[in-house]
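Analysis of the macromolecular model
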Amino acid sequence: MSLLSIRGLKVEFAVPGGTIKALDGIDLDLAPGQTLAIVGESGSGKSALAQSIMRILPANGRIVAGGISLEVGQGRRRDLVRLNEKGAALRRLRGARMAMIFQEPMTSLSPVHTIGSQIAEMLSLHGLNGGDAAHSVHTILSKMGISDPERVASSYAFELSGGQRQRAMIAMALICKPALLIADEPTTALDVTTQAEILALLKDLQREFNLAILLITHDLGVVAQIADEVQVLYEGRTMERGPAQDILDDPRHPYTKALIGAIPVIGRRSTRLHALRETKGSLPPALHSRANHAPPRGAPILTLENVSKRFALRHGTPAHESAAINGVTLALRTGECLGIVGESGSGKSTLARLMLRALEPDQGRILFHRDGGAMPLSAMDRHAIRAFRASIQLVFQDPYGSLDPRMTVRDTLTEPLDIHGIATRPERIERARHLMRAVGLDERALGRYPLAFSGGQRQRIGIARALALSPEILVLDEPVSALDVSVQAQILNLLRDLKDASNLTFVFVSHNLAVIDYLADRVAVMCRGRIVELAPAEALFKDARHPYTKALLAAIPSLDKASRIDFSALRGGNASDPAAWEAPFTLLGDDQGRLVEVDQDHFTAYGTS
């Protein structure tokens, strides 16, 4: 018998000018101990479905038809649609019979209460705190794989890593032992190894508690690893449903086929991604000019020499500093795409900001090569820095937070030209039109504000803004991690087209190794502020030498369910501990290691002690 049964569910959202059908006649069944994955693009109705089950739809959303039947114990069932969403009956079911974990734990956890007090509150709300609440909290945190539950329980959310926060949120959801767990994109914001650990944790908990899991995701690799069945949504309707591996191996609906074709797969870098809504751009004239008159491809354009950067921890004394970058030496080559990968906290974004001179190194120097010479960034005067800023531009991770909501797209694209005193006003507007065409957007949208665009369109605008000054280097910090697979495919194809048609140099920071394989010429693997492996992309993915790189590759979820994540290769959480790497890779204390060429242009870090 089904634990959860949904029939004919219809949900609408009131918006200015009318209503939007978020769900249009959804049927669904979920049995105890089963995992059902709901997949689809952003806007397909996935989150609206989860919110409807929990009865936490936004104020402008309402269920207009259908029923949601939940087995509430001893064979009894309740139709959740008929319950008052603010009533005591539904409050008793939330947490005790059904629970939900969200994509971003930092926004779901209270910043002013300790983790322990938030988990204990669940026991109190459901009248289950008759015994030792602290002991119950520590026990559930231990089950989450947290090695120091007492410390985590007394910590605040901002003091924990992303993986620890996600484990704490799962603990809060499961402390009252619900029968149904709704997981809304639970691993999207996590790096590949942390994601693998969370997936393994969910499977272990499912076996222990006989949990039914409703998994909301756009990552079909995750689906292959954890789901028993898949239901594909498009514009609020079910396109296809069936056993997970059957759908992934032999999809029948064109939309499902398109979703799978949009996913980058390691080893298929020569195959262009099939974006559901492909848009072709054309390079603006300034970039064509740069492509024709750029420095020789392969020559150094930016060099880092023994660069280190430390940050003070909360106590603020030198004894409480952390090395974000530890002795990095690296040459960025003209016209290449250098991928930088590693877990959260490995130093990827800090390294990118050092390249931009958004941060100053504490040790070492960074050289910018131009006109046959090399100038240290630290020696540049105000005018040289201004010119350097025009030569290197940044594309941000968040397409929503990186654009000023009060500026039209026209103003956003012409502002860099205005700041640098480039061209007349009519010429700037013409350049903005060219930039819109370059990123595959309609130039008639120049007068609109960011809120009128989707996430993928906003990211295209961010790329267009970065191209406005015709830079030589484009730094992209997780530019597709917030996008679903279809929009991600559009952006990746656009970046590949720009790279192929110009002499632009890319620095691409990501924790998604399949994305890196699709775009990068070379890959730098970072761990604890060090580069541990540096190699051509094809060589790295075929013949990784460093144990940390091997652990990252072992944690990648594959569409082939037979290729399960090798959790043992993650070394029980020691994959990122340099002291635990076998010889000759072991790094003890402050040993920065040394990069040794183990094959042509393939370098691996060895310990020096």
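Within each chain, residues carry numbers counting from 1 in the order of the written sequence. The predicted origin of the model limits local features to residues at a pLDDT of at least 70 and limits the giving and counting of side-chain atom pairs to 80 or more, whereas totals for whole chains, interfaces and linings rest on all residues. For side-chain calculations, the full set of non-hydrogen atoms in the structure is used, while hydrogens and water are omitted.

It is worth spelling out the overall build of the protein chain at this point. Here a helix means four or more residues in a row that DSSP labels H or I, a strand means two or more in a row labelled E, and each is numbered from the N terminus. Tallying secondary structure elements over the protein chain gives 21 helices and 22 strands in all. Here the globule rule reads 2.2 Å times residues to the power 0.38, and the radius of gyration is calculated from C-alpha atoms. Relative to its length of 609 residues, the protein chain is compact, with a C-alpha radius of gyration of 25 Å against a globular reference of 25 Å. Across its three principal axes, the protein chain shows a C-alpha extent of roughly 80 × 60 × 45 Å. For this analysis, residues touch if any pair of their heavy atoms sits within 4.5 Å. Long-range contacts, defined here as pairs at least 24 residues apart, represent 69% of the contacts in the protein chain between residues at least 6 apart. Positive and negative side-chain charges in the protein chain, numbering 69 and 66 respectively, have mean positions lying 5 Å apart. We score Asp and Glu as negative and Lys and Arg as positive, and we do not count His or the chain ends. Charged groups are reduced to one reference atom each: NZ for lysine, CZ for arginine, CG for aspartic acid, CD for glutamic acid.

On to the packing of helix 7 (residues 162–174) against helix 8 (residues 192–209), then. Running from N to C, helix 7 and helix 8 point in directions that differ by 20°, and their axes come no closer than 10 Å. The orientation of helix 7 relative to helix 8 falls into the category roughly parallel. Relative to helix 8, helix 7 is oriented so that their crossing is right-handed. Taken together, the residues of helix 8 that come into contact with helix 7 (itself represented by G163, Q166, R167, I170 and L174) are T194, E197, I198, L201, L202 and L205. Interaxial angles span 0 to 180 degrees and are taken between N-to-C directions of axes, which are lines fitted to C-alpha atoms, for helices over the stretch in contact. Relative orientations are named as follows: roughly parallel for angles under 35 degrees, roughly antiparallel for angles over 145 degrees, roughly perpendicular for angles from 65 to 115 degrees, and oblique for any other angle. Crossing handedness is read from the near helix: turned anticlockwise from the far helix by less than a right angle, it gives a left-handed crossing, and turned clockwise, a right-handed one.

With that settled, the discussion passes to the sheet that holds strand 1 (residues 4–15). The pairing criterion for strands is at least two bridges between them, as found by DSSP. Ordered by their spatial adjacency, four strands build an open sheet running 2-1-4-5, and the pairing between neighbours is antiparallel. The sheet terminates laterally at strand 2 (18–30) and strand 5 (76–79), the two strands that pair on one side only. Shown here is a sheet whose adjacent strand axes are inclined to one another by a mean of 20°, direction ignored. Here strand 1 runs beside strand 2; their pairing, made up of ten bridges, is antiparallel. Counterpart to L4 in the pairing with strand 2 is L30. The strands that helix 1 (residues 46–54) touches are strand 1, strand 2 and strand 4 (61–73); relative to strand 1, the one it contacts most, it runs at about 110°.

Attention now moves to the domain arrangement of the protein chain. The domain limits used here are those given by an automatic or database domain assignment. Taken domain by domain, the protein chain holds domain 1 (1–97 + 178–262), domain 2 (106–177) and domain 3 (285–606). Using only C-alpha atoms to locate each centre, domain 1 and domain 3 end up separated by 35 Å. Each side of the interface is counted separately: domain 1 has 27 residues, and domain 3 has 26 residues. Computed with a 1.4 Å rolling probe, the buried area is the accessible surface lost when two parts are put together, summed over both parts. For the pairing of domain 1 and domain 3, the buried interface totals around 2,200 Å² over both sides, and the portion due to carbon and sulfur atoms is 59%. Among the residues of domain 1 in contact with domain 3, V192, T193 and Q225 are the three that bury the most area, contributing 28% of the side total. For this document, the term salt bridge refers to a Lys or Arg side-chain nitrogen within 4 Å of an Asp or Glu carboxyl oxygen. On the surface where domain 1 and domain 3 come into contact, there are zero salt bridges. N or O atoms within 3.5 Å of each other form a polar contact, as long as, within protein, one can give a hydrogen and the other can take it, and as long as residues adjacent in sequence are counted only when both atoms are side-chain atoms. Taken together, domain 1 and domain 3 are joined by three residue pairs in polar contact (both at pLDDT 80 or more). Listed by contribution, the elements that provide at least two residues to the side of domain 1 that touches domain 3 are helix 8, helix 9 (220–226), helix 10 (244–249) and helix 11 (254–261). Lys, Arg, Asp and Glu make up the charged group, whereas Ala, Val, Leu, Ile, Met, Phe, Trp, Tyr, Cys and Pro make up the nonpolar group; the residues left over, Gly among them, are polar. A per-class count over the side of domain 1 that touches domain 3 returns 15 nonpolar, eight polar and four charged.

With that settled, the discussion passes to the packing of aromatic side chains. Pairing of aromatic rings covers Phe, Tyr and Trp, the last counted by its six-membered ring, and requires centre-to-centre distances within 6.5 Å; plane angles under 30 degrees mean stacked, over 60 mean edge-to-face, and any other angle means tilted. Across all of its chains, the model carries five aromatic pairs by this definition. Taking 6.0 Å as the distance between ring centres and 10° as the angle between the ring planes, the aromatic pair formed by Y156 and F158 counts as stacked. Here the term buried applies to any residue with accessible area under 20% of the maximum for its type, exposed to any over 50%, and partly exposed to those in between, with areas from a 1.4 Å probe on protein chains only. What makes Y156 partly exposed here is its relative accessible area of 30%. With a centroid separation of 5.5 Å and an interplanar angle of 80°, the aromatic rings of F585 and Y606 are classed as edge-to-face. On the criterion of sequence distance, the pair formed by F585 in the loop between helix 21 (547–554) and strand 21 (594–599) and Y606 in strand 22 (residues 602–606) is long-range, its members being 21 residues apart. Residue class for F585 comes out buried when judged on its relative accessible area of 11%. The partly exposed category is assigned to Y606, whose relative accessible area is 22%. We call a charge positioned above a ring when the Lys NZ or Arg CZ atom is no farther than 6 Å from the ring centre and deviates by at most 35 degrees from the ring normal. Lying over the aromatic face of Y518, R496 brings its terminal NZ or CZ to 3.8 Å of the ring centre.

In any sheet, the strands associate via hydrogen bonds between backbone groups, in a parallel or an antiparallel arrangement. Pairing in this open sheet of six strands is mixed, and the strands run 6-7-8-3-9-10 from one edge to the other. The open sheet has two edge strands, strand 6 (98–101) and strand 10 (237–243), and neither has a second partner. Pairs of neighbouring strands in the sheet enclose a mean axial angle of 15°, with direction left out of account. Here strand 3 (residues 35–39) runs beside strand 8 (residues 212–216); their pairing, made up of four bridges, is parallel. Note on strand 8: the bridge partner recorded for T35 is I213. Packing against the sheet, helix 7 makes contact with strand 6 and strand 7 (180–184), and its axis sits at approximately 170° to strand 6.

Moving on: a positive patch on the surface. Together, R76, R78, R91 and R92 line one region of the surface with positive charge. For the positive patch, the elements supplying multiple residues, two or more each, are strand 5 and helix 2 (88–93). Residue R91 is classed as partly exposed on the basis of its relative accessible area, which comes to 48%. Residues forming no salt bridge and having over 30% relative accessible area are the ones grouped into patches, like charges within 9 Å of each other and nonpolar side chains (Val, Leu, Ile, Met, Phe, Trp, Tyr) within 5 Å. Method for areas: the Shrake-Rupley scheme with a 1.4 Å probe, in which residue coverage is limited to the protein chains shown.

With that settled, the discussion passes to helix 14 (residues 382–391). Taken together, the buried positions of helix 14 are I385, F388, A390 and S391. Those residues of helix 14 that are buried lie in contact with strand 11 (300–312), helix 13 (348–356), strand 14 (363–370), strand 16 (392–395) and strand 17 (473–477). The backbone nitrogen of H383 has a side-chain oxygen 3.2 Å away, supplied by the residue at the start of helix 14, namely D381.

The subject of this paragraph is the confidence of the model for the protein chain. A residue's pLDDT is simply how confident the predictor is in it, with values from 0 to 100. Mean pLDDT over the protein chain: 87, with 93% of residues reaching 70 or higher. By mean pLDDT, the top-scoring element of the protein chain is strand 13 (residues 337–341) (96), and the lowest-scoring one is helix 12 (residues 285–293) (53).

Before going further, it helps to examine the environment of F453. Among the secondary structure elements, F453 is positioned in the loop between helix 16 (425–438) and helix 17 (455–467). Separated by 53 residues in sequence, F453 and Y400 have C-alpha atoms that sit 9.7 Å apart. Non-local contacts of F453, meaning those with residues more than four positions away in its chain, are made with V409, A445, R448, R458 and I461.

A separate point is helix 7. What a helix should span is 1.5 Å times the count of its residues minus one. Helix length check: helix 7, at 13 residues, gives a terminal C-alpha distance of 19 Å against a target of 18 Å (1.5 Å per residue), a fit within 8%. With respect to burial, helix 7 is a largely interior element, eleven of its 13 residues being buried. Listed in full, the buried residues belonging to helix 7 are G163, R165, Q166, R167, A168, M169, I170, A171, M172, A173 and L174. Where the residues of helix 7 are buried, they touch strand 6, helix 3 (105–108), helix 4 (115–125), helix 5 (133–143), strand 7 and helix 8.

Glancing now at a nonpolar patch on the surface. On the surface, M106, Y156 and F158 cluster together into a nonpolar patch covering about 260 Å² of accessible area. With respect to the secondary-structure elements, M106 resides in helix 3. M106 sits in the partly exposed class, given a relative accessible area of 33%.

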